[in-house]
Amino acid sequence: AELQPLEAALRDQVDGATLLDLFENEEWWRSYRAEFPLVRVVMADHLLAARGPDIGRAGDNLITLARKQRLSSGVVSIGDRTYVMAASRLSASPEREPVLLLGRPVVLPAVVAPTVSQIPRFGDHPMVWGLAVAIGLGGIGLVIAGRRRQDAGVIPEPILHEPTSKFGTPARPRAVAGTIPATRTPPHARGPITDGKAMSIPSVGAPMMVATSIPRALGPAQVGSVFGRYRLVDRLGEGGMAELFIAEASGVEGFTRHFVLKRLRPELARDKEAVAQFIDEARLQAGLVHSNIVPVFDFGVVGGEYFMTQEYIVGRDLAKLVNRQSEFGAYGLPETLAYYIAHETLMALAYAHERHDSAGAHMGIVHRDVSVGNVMVSLQGEVKLSDFGIVKSNRRVSQTQVGMVKGNANFMSPEQARGQAVDHRSDLFSLAHVLHYCLTGRLIYTGENDLDVLYRAANGITPEDLIGIRKLPDPAAGILEKALALDPAERFQSAAEFADALAAHVGGGKSGTAKLMQRLFAEEIRRERTSAAAG
């Protein structure tokens, strides 16, 4: 979408036949001709150029989302074939809202491919897997960018994400809710700079649908200003739906306390779906009171702008911790620390999964975005799970459309990646990926581009992956092999059961984690807090 010849052709308003001829014959498009046999360029409300099979209206939703969020992706059935498709808004001739849509066929193994009768309907076209596209700060969205990645298998520091997860494109460093932003990016994590709303496979946080480079109208909430009863001390970052600030609340006798203030972007204040999703996140997370979950303290509206405040954790997310370790040549965390962090996260999941409402009805909570970017570690060695923005629950007001996938492809269970129904065992599969990353410093799912990673996530662990997992020291090998089973019935059946398998191996984990955090981040955080206070 960023190729200069393509932009130039659109600025010159070439006709469809000329544009198609460029796609067929020009050298600058040669590498994409074989990889993406399906190509569409849409201008305003008409199709300018098309290459490949007739897809009817199958790409309409992706095009609409791309115009709104820059990037979108989906996997759809067209006739007897399944295609992975991605759409991107083009920068040339913005008044005509041009969008580039690319697609390539995939062949699903028999164990993965649903029958036609099992494929959920989305409009008039069957959706095999739907991958929504919308990044913000409560989860992450899947984004298929088709860009070549660097350092596959190593997670750059995650980006702020929203209700869908990120997945596959190189990401920039980000500050995660509840943390102070890091000032350095590990050498292996450096790559093309992208907007904080894009998601990335190698990067962890984040994220699966993703929106990148979205213009944002500046609202009144600026560092140093007063927002309701809070003073905004520092800006942590933003995603497709919200901004994060360190905020200070003052009381009598000079009392002050810092929070992380999450503010819905002002241009979304009238978007009913965005508001409902934001309210859902605040309501659900405020009701989860557990020592291993980042709590929500406040929710409200200031000048028509929705916000919530969360606990301000002096620390870093797990992605930054593992990445910082790698700067010193240590790939992965010490085993005891990795088991401890996984165990504490499982305690948070066990609580959430078993949560009942005031009437005693089971809430059916599934986090759906358990990833290293959403596990926070404090300087005191505390571990807390954050970002419940895309949680599945029986009590949600907003609903995920049929076939839509939300989460981070790097950590997704196969059933989640396919857009199928998920339960709490999907979170346990994701947590196993987190544990593997903690132990090794590397992702299991890698590939040459985003589509490869998505395909891998939908198919699950391969025999080759198992060979590497079985080389890990006990008890990691056996635990991970069980937790990463393709069939949910063969995995741990509860977070408590998974935690019990780790319990005997976490002794001294908290103190060891605190010492490591102090060694790696204490001075950096002290400087940042001093700078924020001075500002």
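Being a predicted model, the structure only gives us computed values, none of them experimental. Chains are numbered independently. Their residues run from 1 in the order of the written sequence. Restriction of local features to residues with pLDDT of at least 70 applies here, the model being predicted, together with a cutoff of 80 or more for giving and counting side-chain atom pairs; totals for whole chains, interfaces and linings are based on all residues. Computation of side-chain values: all heavy atoms of the structure, hydrogens and water removed.

## Section: the confidence of the model for the chain
Okay, step 1: Here the chain averages 75 in pLDDT, while 74% of its residues score no lower than 70.
Okay, step 2: Known as pLDDT, the predictor's confidence for each residue is given on a scale from 0 to 100. Contacts between residues were defined by any pair of non-hydrogen atoms, one from each residue, lying within 4.5 Å. Confidence over residues 109–220 falls short of pLDDT 50; this stretch has 513 contacts with residues more than four positions distant or in other chains.
Okay, step 3: Confidence drops under pLDDT 50 across residues 394–405; counting only partners more than four residues distant or on other chains, this segment forms 45 contacts.

## Some points on helix α5 (residues 272–286)
The periodicity of an α-helix, 3.6 residues per turn, causes residues three or four positions apart to be oriented the same way.
Okay, step 1: Counting from the N terminus, the helices are the DSSP runs of H or I reaching at least four residues and the strands are the DSSP runs of E reaching at least two. A helix is expected to span 1.5 Å multiplied by its residue count minus one. Helix length check: α5, at 15 residues, gives a terminal C-alpha distance of 21 Å against a target of 21 Å (1.5 Å per residue), a fit within 8%.
Okay, step 2: Summary of the burial criterion: residues with accessible area below 20% of their type's maximum are buried, those above 50% are exposed, and those between are partly exposed, where the area comes from a 1.4 Å probe applied to protein chains only. Buried residues of α5: Ala274, Val275, Ala276, Gln277, Phe278, Asp280, Glu281, Ala282, Leu284 and Gln285, and no others.
Okay, step 3: One side-chain oxygen of the residue at the start of α5 lies 3.1 Å from the amide nitrogen of glutamate 273, identifying that residue as aspartate 271. We call two N or O atoms a polar contact when they sit within 3.5 Å, provided that within protein one can donate a hydrogen and the other can accept it, with sequence-adjacent residues counted only if both atoms are side-chain atoms.

## Considering unusual backbone geometry
Okay, step 1: Note the cis peptide between aspartate 474 and proline 475, where omega equals 5 degrees.
Okay, step 2: Residue placement: proline 475 occurs in the loop between α11 (463–470) and α12 (476–483).
Okay, step 3: Its identity as a non-glycine residue notwithstanding, glutamate 97 has a phi of 50 degrees, on the positive side.

## Side note on the packing of aromatic side chains
Okay, step 1: Working definition: a ring pair exists when centres of Phe, Tyr or Trp rings (six-membered ring for Trp) sit within 6.5 Å. Plane angles under 30 degrees give stacked, over 60 give edge-to-face, the rest tilted. Scanning the entire structure with this criterion turns up 11 aromatic pairs.
Okay, step 2: Geometrically, the ring pair formed by tryptophan 29 and tyrosine 32 is tilted, given 4.9 Å between the ring centres and 45 degrees between the ring planes.
Okay, step 3: Consider the rings of tyrosine 230 and phenylalanine 259, whose centres lie 5.9 Å apart with planes at 85 degrees: the pair is edge-to-face. Linking tyrosine 230 in strand β9 (residues 230–238) with phenylalanine 259 in strand β11 (residues 256–264), this pair joins segments that are 29 residues apart in sequence.
Okay, step 4: Judged by its relative accessible area of 2%, tyrosine 230 falls in the buried class.
Okay, step 5: In this structure phenylalanine 259 comes out as buried when scored by relative accessible area, which is 8%.
Okay, step 6: Chaining the aromatic ring pairs together yields one cluster made of Phe227, Tyr230, Phe259, Phe297 and Phe307.
Okay, step 7: Counted as over-ring charges are cases with an Arg CZ or a Lys NZ within 6 Å of the ring centre that also lie within 35 degrees of the ring normal. Directly above the ring of phenylalanine 297 sits arginine 257, whose terminal nitrogen or CZ lies 4.9 Å from the centroid.
Okay, step 8: Taking the ring centre of phenylalanine 492 as reference, the NZ or CZ of lysine 482 above it sits at 5.4 Å.

## Here's the deal with the sheet that holds strand β14 (residues 315–317)
Okay, step 1: What makes two strands pair is DSSP finding at least two bridges between them. Spatial strand order, β14-β15-β16: 3 strands in an open sheet with antiparallel pairing. Both outer strands of the open sheet, β14 and β16 (383–385), are each paired with one neighbouring strand and no more. Strand-to-strand twist across the sheet, computed as the mean angle between neighbouring axes with direction ignored, equals 25 degrees.
Okay, step 2: Across 3 bridges, the pairing between β14 and strand β15 (residues 375–378) is antiparallel. Lines fitted to C-alpha atoms define the axes, with helix axes restricted to the stretch in contact, and inter-axis angles between N-to-C directions lie between 0 and 180 degrees.

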